[in-house]
Amino acid sequence: MALQCGIVGLPNVGKSTLFNCLSNAKAQSANFPFCTIEPNVGVITVPDERLTKLVEMCEPRSVVPATVEIVDIAGLVKGASKGEGLGNKFLANIRETDAILHVLRCFDNDNITHVDGSVDPVRDKEIIDYELQIKDLETVEGRLARTLKQAQTGGDKVAKMQAEVLLKYKEALEAGKAARTVKFDTPDEKKFAKELFLLTAKPVLYVCNVDDASAVNGNKYVDAVRDAIKDEDADLLIVAAQTESEIAELDTWEERQEFLGEIGLTESGVSRLIRAAYSLLDLQTYFTAGPDEVRAWTFMRGSKAPQCAGIIHTDFEKGFIRAEVIKYDDYVTLGGETAVKEAGKLSVEGKEYVVQDGDIMHFRFNV
């Protein structure tokens, strides 16, 4: 399931440093704009304590974790919507991603230049917001003229609905709001809105890049960002990217945990960020577990059993008969599949079963 989160931000806010922490792919990290010219893609393992526990219990011959794709995209500057800097390339790359990790510089450092001369994460956020909103407004206005004509001249009900959606978006964008702030009621409206692929409709996580001292509680810059996004449908995460890069260079898990403890953290920001990105894409995990393999399978939240079976193999979905489901907590508490069956905790589910995060699944099929 190749869904991608794109890391975006102004030049020199720490995007590539963060990407390097997340991935084995090494994007060049340098103190000048546009050091990342082509988007770098990293396939990142999603940390999951449940998988670790299942491996301990099953002692399988192989283990396959869930993954998420992260894309490091070149820095954007004012005027990107008009083609300034690498604007057109930036906008094309971000359009191809499914969600956005918006990195904001929330630290002072005289040795790292800021493209606008001073540290102000809210201003930086607004620069990128403006460029994306302008591009979305072009998309909406271009579509609206045709749609209004169809709705008015032909009495087309579908065109009328589409025009109403476009007008709501136009009003929000002209008011400086992201498309994601606009909510729709009917399935048809939601479907059409999604088909527009607006840049500011994508789910976003604001990543506040801070210094060591602010890694736990944040700082005045983080507080300002939190206040600025309070009316958005968006989350915020605090990460000290430079510190994370130092942690990543340590050899052992024990050394890394000791380092984290020294700065007051129990878990690395990278781990939290990966899980946040996974959630941002609306992804969840089910497991298959046994002596041959323990594997985490990624599915879209709300998927039904046949769809999840098809992730393993298309034949599983075509010939789906039933799903045998064990809840993770039951599996761990009772001590494995055999004990779960003996306790009557294994459920047999049909085609309408909505798979839940953490389910341990076994599919029966016939082709």
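Residues numbered from 1 in each chain as written. Predicted model: local features only at pLDDT ≥ 70, side-chain atom pairs only at ≥ 80, totals over all residues. Heavy atoms only, no water.

Visitor: Even after reading the chapter, I still don't get the overall build of the protein chain, so can you show me in this structure?
Guide: Within the protein chain one finds 14 helices and 12 strands. Looking at the protein chain as a whole, 49% of its 367 residues are labelled buried. Looking at the protein chain alone, contacts between residues at least 24 apart form 70% of all its contacts between residues at least 6 apart. A total of about 18,200 Å² of accessible surface is found on the protein chain, and carbon and sulfur atoms cover 48% of it. (Helix = DSSP H or I, 4+ residues; strand = E, 2+ residues; numbered from the N terminus. Buried < 20%, exposed > 50% of the residue type's maximum accessible area, 1.4 Å probe, protein only. Contact = heavy atoms within 4.5 Å. Areas by Shrake-Rupley, 256 points an atom, 1.4 Å probe, with all protein chains shown as cover.)

Visitor: In this structure, what is going on with a negative patch on the surface? I would like to understand it.
Guide: Residues Asp108, Asp110, Asp211, Asp212, Glu246 and Glu249 make up a contiguous surface patch of negative charge. Within the element layout of this structure, Asp108 appears in the loop between β5 (99–105) and α4 (121–154). (Patch = residues over 30% accessible without salt bridge, like charges linked within 9 Å, V, L, I, M, F, W, Y side chains within 5 Å. Salt bridge = Lys/Arg side-chain N within 4 Å of Asp/Glu carboxyl O. Lys, Arg positive; Asp, Glu negative; His and termini not counted. Charge placed at Lys NZ, Arg CZ, Asp CG, Glu CD.)

Visitor: When you look at the packing of aromatic side chains in this model, what are you seeing that I'm missing?
Guide: How two aromatic rings sit relative to each other is given by the distance of their centres and the angle of their planes. Per the stated rule, a full pass over the model turns up 6 aromatic pairs. A centroid spacing of 5.8 Å and a plane angle of 85° characterise the contact between Tyr286 and Phe363, whose relative ring orientation is edge-to-face. Taken together, the positions of Tyr286 in strand β8 (residues 283–289) and Phe363 in strand β12 (residues 360–365) put the pair 77 residues apart, joining distant regions of the chain. The ring centre of Trp297 lies 4.0 Å from the NZ or CZ of Arg295, which sits over that ring. (Phe/Tyr/Trp six-rings, centres within 6.5 Å; stacked < 30°, edge-to-face > 60°. Lys NZ or Arg CZ within 6 Å of the ring centre and 35° of its normal.)

Visitor: What is the right way to look at the environment of Val165 in this model?
Guide: Note on placement: Val165 falls in helix α5 (residues 157–174). With 21 residues separating them along the chain, Val165 and Leu144 place their C-alpha atoms 9.3 Å apart.

Visitor: Help me understand the nonpolar core in this model?
Guide: Side chains that are nonpolar tend, in soluble globular proteins, to be buried together. Residues Leu22, Ile70 and Leu101 are the most contacted members of the largest nonpolar core, which totals 73 residues. In terms of residue count, helix α10 (residues 269–280) provides more of this core than any other element does, 6 residues in total. Setting aside chain neighbours within four positions, we find Ile70 in contact with Cys5, Ile7, Phe19, Leu22, Asn40, Val41, Gly42, Ile44, Leu101 and Ala277. In this structure, Leu144, Leu166, Phe192 and Leu196 belong to the second largest nonpolar core, which totals 16 residues. (Core = buried A, V, L, I, M, F, W, Y, C linked by side-chain atoms within 4.5 Å.)

Visitor: Would you mind showing me how to read the confidence of the model for the protein chain here?
Guide: Parts of the prediction with low pLDDT should not have their coordinates interpreted in detail. Chain-level pLDDT for the protein chain is 84 on average; 88% of the residues reach the 70-or-more range. The low-confidence segment residues 25–37, where pLDDT is below 50, has 35 contacts with residues more than four positions distant or belonging to other chains. (pLDDT = per-residue confidence, 0-100.)

Visitor: Sorry, what's going on with empty space enclosed by the protein here?
Guide: Space left empty within the atom packing is revealed by a probe, the size of a water molecule, rolled over the atoms. Per the stated rule, a full pass over the model turns up 1 cavity of 30 Å³ or more. In this structure, the largest cavity spans a volume of roughly 90 Å³. Every residue lining the largest cavity is counted, 14 residues in all, and those nearest its centre are His102, Asp129, Leu132, Arg180 and Tyr206. Residue assignment for the lining of the largest cavity shows that the elements contributing at least two residues are β5, α4 and β6 (204–209). (1 Å grid on protein atoms, 1.4 Å probe; cavity = no way out; pocket = protein on both sides within 12 Å on 5 of 7 lines; lining within 4 Å. Points joined across faces, edges and corners; volume = space filled by probe spheres on them.)

Visitor: I keep staring at the sheet that holds β6 and nothing clicks. Help me out?
Guide: Strand pairs in the sheet, formed through backbone hydrogen bonds, run parallel or antiparallel to each other. In space, the 6 strands of this open sheet follow the order β2-β4-β1-β5-β6-β7, with mixed pairing throughout. A strand with exactly one partner marks an edge of an open sheet, and here the two such strands are β2 (40–45) and β7 (235–239). Taking each pair of neighbouring strands and ignoring which way they run, the sheet shows an average axis angle of 25°. The pairing of strand β1 (residues 4–8) with strand β4 (residues 67–72) spans 4 bridges and is classified as parallel. Looking at β4, one finds that Gly6 is bridged to Val71. (Pairing = 2+ DSSP bridges. Axes fitted to C-alpha atoms, helices over the stretch in contact; angles between N-to-C directions.)

Visitor: Please explain the packing of α5 against helix α6 (residues 187–195) as it appears in this structure.
Guide: The relative placement of two packed helices comes down to the angle between their axes together with the axis-to-axis distance. Viewed as axis vectors pointing N to C, α5 and α6 meet at an angle of 60°, and their least axial separation amounts to 10 Å. On the basis of their axis angle, the class for α5 and α6 is oblique. For the pair α5 and α6, the sense of crossing is right-handed. Contacts from Met161, Gln162, Glu164, Val165, Leu166, Lys168 and Tyr169 of α5 reach α6 at Asp188, Glu189, Phe192 and Ala193. (Parallel < 35°, antiparallel > 145°, perpendicular 65-115°, else oblique. Left-handed = near helix turned anticlockwise from the far one by under 90°.)

Visitor: What is the right way to look at α6 in this model?
Guide: In an α-helix there are 3.6 residues to a turn, and that puts residues three or four apart on one side. Along α6, the residues that are buried comprise Glu189, Phe192 and Ala193. Along the axis of α6, the buried residues cluster in a sector spanning 100°; they form a single face. Exposed side of α6, more than 90 degrees from the buried face: Pro187, Lys191 and Lys194 are the residues found there. Where α6 terminates, the next one or two residues include Phe197, which has phi positive at roughly 55°. (Arc of directions from axis to C-beta.)

Visitor: Explain unusual backbone geometry to me, please; I cannot follow it from the model alone.
Guide: Across residues other than glycine, the phi torsion is negative in most instances, and most of the peptide bonds are trans. Positive phi values are uncommon outside glycine, yet Asn12 reaches one of about 65°. With respect to the element layout, Asn12 can be found in the loop between β1 and α1 (15–22). Positive phi is not limited to glycine here, since Phe197 has a value of about 55°. In this fold, Phe197 is placed in the loop between α6 and β6. Of the residues examined, Phe197 reaches a relative accessible area of 55% and is grouped as exposed.

Visitor: Before we go on, may I ask you to explain the pairing of strand β9 (residues 293–300) in this structure?
Guide: Looking down a regular strand, the side chains alternate between one sheet face and the other. Here strand β3 (residues 62–64) pairs with β9 via 3 bridges, running parallel. Across the sheet, Val63 pairs through a bridge with Val294, a residue of β9. Sheet topology places β8 next to β9; 7 bridges connect them, and they run antiparallel. The partner of Leu283 across the bridge, within β9, is Met300.

Visitor: It is not clear to me how the packing of α1 against helix α8 (residues 241–248) should be interpreted in this structure. Could you clarify?
Guide: For the pair α1 and α8, interaxial distance at closest approach is 9 Å and the crossing angle is 30°. Here α8 runs roughly parallel to α1, going by the angle between their axes. In the crossing of α1 with α8, the sense of the turn from one axis to the other is left-handed. From α1, Thr17, Leu18 and Cys21 reach across to α8, where they touch Ala241, Gln242, Glu244 and Ser245.

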